[in-house]
Amino acid sequence: MGLQQTVCLPMLARDVHYQNTLREEEGAMKRFRQLLYMAQLVVALMLVHSNCWALTTFGAHDELQLSGKLETRFTFSTEDREGFTSPQVDAGSLLQHRNLAYVELKHTLSPTLKYRLVGRGLYDGVYEYGPDEYQEVRKANRDEIDDFSRDADLWEGYADVNVDNMFWRIGKQIVSWGETDLFPMLDRINPLDNTYGGIFEDLDDRRIPLWMVKGIYDLGGVGAVRSLSLEGFYNPGIIDQTVSPLAPAGTPYAFPVPDSPIATRVIEPEDSIHNSRWGLRLQGVIADNYNFSLAHYQTFVDTPAARLAFDPGMVPVQELVYEKVQITGGSLSFFEPHSESIVRMEVAYHWDEPVFIPEINLDAVTAMSKGRADIPEKDVLRFAVAVDKNVWIRALNKTSMFNFTLQYFGEKIMDYDNRMRQAVAVYPSGDFARIKEYEEKWVFVCYTNYLNGKLAPQISAAYDPAGAYLILPEISYTFEPWRVGLQAAFIDGDKDVSFGFLRDRDQVSLMFTLVF
Amino acid sequence: MTPIRWSKILLGLLAMLCLWVSAATAAGQIGKAIDKSNWQEIKGLVPEAVLKRVQEGDYVFQLATVDFDPAQYQAPWILSSLKENRGKYDVNGKDEIVDAKTGQRVEFVNGIPFPPADIKADDPKAVQKIMHNGFITRDCYGPMNTQKQRLVQLFHKSYDRHVQIEYWMYSYLGVPFSMGTQNQQDYENTSLILVTEPYDMAGTAMMTWRYQTDQPDTLFGYVPAIRRVRRMTPAGRSDSLFGTDFVRDDGNWTGFDGKIPEFEWRLIGEKQVLAEFLSPEISRAVKNEKGAWKAEDHGKEYPVFGYEKKGWTGASWWNTKAVWVKRPVWVIEGHSKNPYYNYGKMTFYIDKDLHIGYWKEIYDRAGQYWKTNSMSTFFMQSDDHSFQANLVGYWRIVDEIKNHATLVLQHVDGEFQWTLLARDVAPKDFTMAGFQRLAK
């Protein structure tokens, strides 16, 4: 296989090196800095508000609330891993024993000031007592796997300040824009952590909070538009440039890639003001029914772009580079009275999104002369239309409605180049998968509840007409203070398109959660 | 002893007797208890499904009389509207409130629009007027904030689970406070619900814009799992609320929180029923630090439900400390015009003077009896008598088929959580920006 076939995204080969930013620091130092920022914020709040020393509970204000959850999740494969997936464990193997603890502290200091802190602890034991294959992965790369499989940090921590028509949220937080589920379009502000389940996991569980300032200014009514507001956020690149992490090689949710003798270097954004995320959104309601938003923001693409580079001594290296992108878009949602459904629409134009054209990204001549090959860019238009409808099916449920959602996603690459490929290798040839000028997907979700909300079944499905489908049935049961959940994931496809690359990843998960 | 000492003793005893009598009359008279041994004595005064439960030993009715006129313990502007609004308003073909002379839709009503003296049984719009009164009676006490409202779900003999919410409402009708508030959208009221417990539901929020016209509600939901505000259909008003036995239309003073024009109504007649009073006494109304009115419960613990009371053998959802007072009611039947609405026939028993619906019988679409909704009431008055109010104490809905119930409680953690005329609740809290401030 030539160089072209050995460079694959988004996963790592051996000898991965992270360049820039916090990856070069000790994990503990990173967490210490974050805790220091939060502690400074809390102390500042304490100095401002003299009542905060009284941790008593009287009334809704000046009340401290502590809550959280403990969760353990067992995931088993239901089919043999194959193809480029490594290691190739058998059906029935434990893929994950993920344990999570969330502790949340909310404190309302006054009607205009409150704060919220969420601490998260994580431990996945599969690398220490799971299948031999995963224990070998840990032995080969102990530090990285231990760092990957356990964590404890301040997950979210922010203060809310209300002053007249202005609302500020300052701290580590999540900002979510847009209307669509499962495949986000406008919702790309916070990076996603796909290292422990990807699309099998809830979107909110995957969002990584960022240190930022968010402001919402209430403009009131202007002409025919009601409830008009201007929202902005700023995530300073000198404080937090967290990007979507890559799962270490050999972990259960690493993307399937062939072995490669070439080292991989991940280039994360530097501490720089130029690497800030920022954005503005205008939203309002027209005629008391039409919710609209218009937005523009800058963020980082979750999937790093690949290019060939040569280190001194003409040593080839695969570089994975996190690039900035600017996104302009809007959304519209409204109640349609004849069908009694909610219609949602979203459009997002991604400016200069990095793409993969092997002839450019892996151009050895350019890489030798400049040290690294170029990363081409294209504008991409993404849009979605969705319909939500609640229906009574009394034969199946007398007391709760069935909620149905159908979403259509479209994606068009502007100025399409037929040399474009996906930076993933097709098994067994190793060729890069084709990418079409226009791609589409359908998503369907249905859920209801029984036993006064205690039993909640749901089914989600995604279909790519190019030849892949995903089905996610799940059910949860509540017996206070416990929740038990069972989830399955089935993926299949004739071709290696979109999520079809994960067609050997069928699994079933059992979750136990204690809430307090 | 000298004659003078005897007269002093007699005077003293007489004074004590007067005090005792006056105390007894201020509190009313506690009558007999009705249980499975003498259930026949309240036949016709409660719904049949309730009577059956008395026979089975689930409920015990503590009868009482009160010696105050409950109709006088309403907000001052309600009382003045009983005279000022005589003959002033009517209901048009769209069931909207209109000026009786011009037929034009009104944008503000001070107090209740249809004094009870104006409501006649032979009026084809009598029910609509009664229902409007029910809505606006609630609106008359806004803006309001219930800091903790607990939806407690109960099995027949034990506790199941609960959901706790915080509730805000701004009303545009009824209360002088709202006169002059800009209202180009013709809101009747706007409301917010924020779930605060349990942890996995906390953060879920709903905002509703209710209109004075027949325009459907505009609903927004904040879904913590996706961290976004999502439009919700107003068509699901008969869907279960947070998995409880309540549906969205089961709320409000009357047990009806839907849109009046969306139902067919029939006035069945008038009668007397037993109404649940949280207490035979009048609570003291006090102002909190923000100037909002609140009931001070004199440290009394009420209500006390069966699941909280040791040794109680009846239904877990029964208020063991309630007293029951006869009240005159309108009997109203309603059917949704929407063929997909999950309730069939509903029968309401609404106080003619207080506009509280003490009972609501609910049938399913097949005509089988399904649920019993009931509202309790209590009264409060300030020390200087400048303010008084009559409020719903709590809601209870019993699924008679599943033998399961949900209580919506305002008494939480030993305190009545409802604040009225809450000046820190403003129209801007019910905008998209205001709603997103609740989001996590």
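Report on the accompanying structure. For clarity, every value in this text was computed on a predicted model and none was experimentally measured.

**Quick notes on the overall build of chain A**
Reasoning step 1: Helices and strands together make up the secondary structure of chain A, namely eight helices and 24 strands.
Reasoning step 2: Looking at chain A as a whole, 57% of its 516 residues qualify as buried.
Reasoning step 3: When the accessible surface of chain A is totalled, it reaches about 21,400 Å², and 60% of it is carbon and sulfur.

**Brief notes about the environment of B:Pro70**
All names here are of chain B.
Reasoning step 1: Topologically, Pro70 is positioned in the loop between β2 (61-65) and α3 (76-84).
Reasoning step 2: According to the relative accessible area criterion, Pro70 is buried, its value standing at 5%.
Reasoning step 3: For the pair Pro70 and Leu354, spaced 284 residues apart in sequence, the C-alpha separation works out to 7.7 Å.
Reasoning step 4: Discounting residues that sit within four places of it in the chain, Pro70 has contacts with Phe277, Arg327, Leu354 and Phe379.

**A look at the interface of chain B and chain A**
Reasoning step 1: Facing 56 residues of chain B, the contacting portion of chain A comprises 67 residues.
Reasoning step 2: Buried surface at the junction of chain B and chain A, both sides included, amounts to about 5,000 Å², of which 45% is carbon and sulfur.
Reasoning step 3: For the pair chain B and chain A, the interface holds eight salt bridges.
Reasoning step 4: When the shortest N-O distance is used, the salt bridge between B:Arg227 and A:Glu156 registers 2.9 Å.
Reasoning step 5: The tally of links from chain B across to chain A stands at 34 residue pairs in polar contact (both at pLDDT 80 or more).
Reasoning step 6: Every element with two or more residues in the side of chain B that touches chain A is listed here: β5 (144-155), β6 (159-171), β8 (205-211), β9 (218-223), β10 (228-232) and α5 (432-436) of chain B.
Reasoning step 7: Within the side of chain B that touches chain A, the residues separate by chemical class into 21 nonpolar, 18 polar and 17 charged.

**Some remarks on the nonpolar core**
Reasoning step 1: Counting residues in hydrophobic clusters, the biggest one holds 111 residues, and the most contacted among them are B:Ile42, B:Phe61, B:Tyr141, B:Ile332, B:Phe387, B:Leu391 and B:Leu420.
Reasoning step 2: In this view, B:Tyr141 contacts B:Gln74, B:Ala75, B:Ile78, B:Trp253, B:Phe387, B:Gln388, B:Ala389, B:Asn390, B:Leu391, B:Leu420 and B:Leu421; residues no more than four positions away in its chain are not counted.
Reasoning step 3: Formed by 40 residues, the second largest nonpolar core is a distinct cluster that contains A:Val137, A:Leu210, A:Ala468 and A:Leu470.

**Overview of the side chain of B:Ser336**
Residue and element names in this part refer to chain B.
Reasoning step 1: Note on placement: Ser336 falls in strand β14 (residues 323-336).
Reasoning step 2: Within polar-contact distance, the side chain of Ser336 engages the backbone nitrogen of Asn338 at 3.0 Å.
Reasoning step 3: With residues up to four places along the chain from it excluded, the contact list for Ser336 reads Glu262, Phe263 and Tyr341.

Definitions and limits used
Residues numbered from 1 in each chain as written. Chains lettered and ligands numbered in written order. Predicted model: local features only at pLDDT ≥ 70, side-chain atom pairs only at ≥ 80, totals over all residues. Heavy atoms only, no water. Helix = DSSP H or I, 4+ residues; strand = E, 2+ residues; numbered from the N terminus. Buried < 20%, exposed > 50% of the residue type's maximum accessible area, 1.4 Å probe, protein only. Areas by Shrake-Rupley, 256 points an atom, 1.4 Å probe, with all protein chains shown as cover. Contact = heavy atoms within 4.5 Å. Buried area = accessible area lost by both parts, 1.4 Å probe. Salt bridge = Lys/Arg side-chain N within 4 Å of Asp/Glu carboxyl O. Polar contact = N/O pair within 3.5 Å; in protein donor to acceptor, adjacent residues only side chain to side chain. Nonpolar A, V, L, I, M, F, W, Y, C, P; charged D, E, K, R; others polar. Core = buried A, V, L, I, M, F, W, Y, C linked by side-chain atoms within 4.5 Å.

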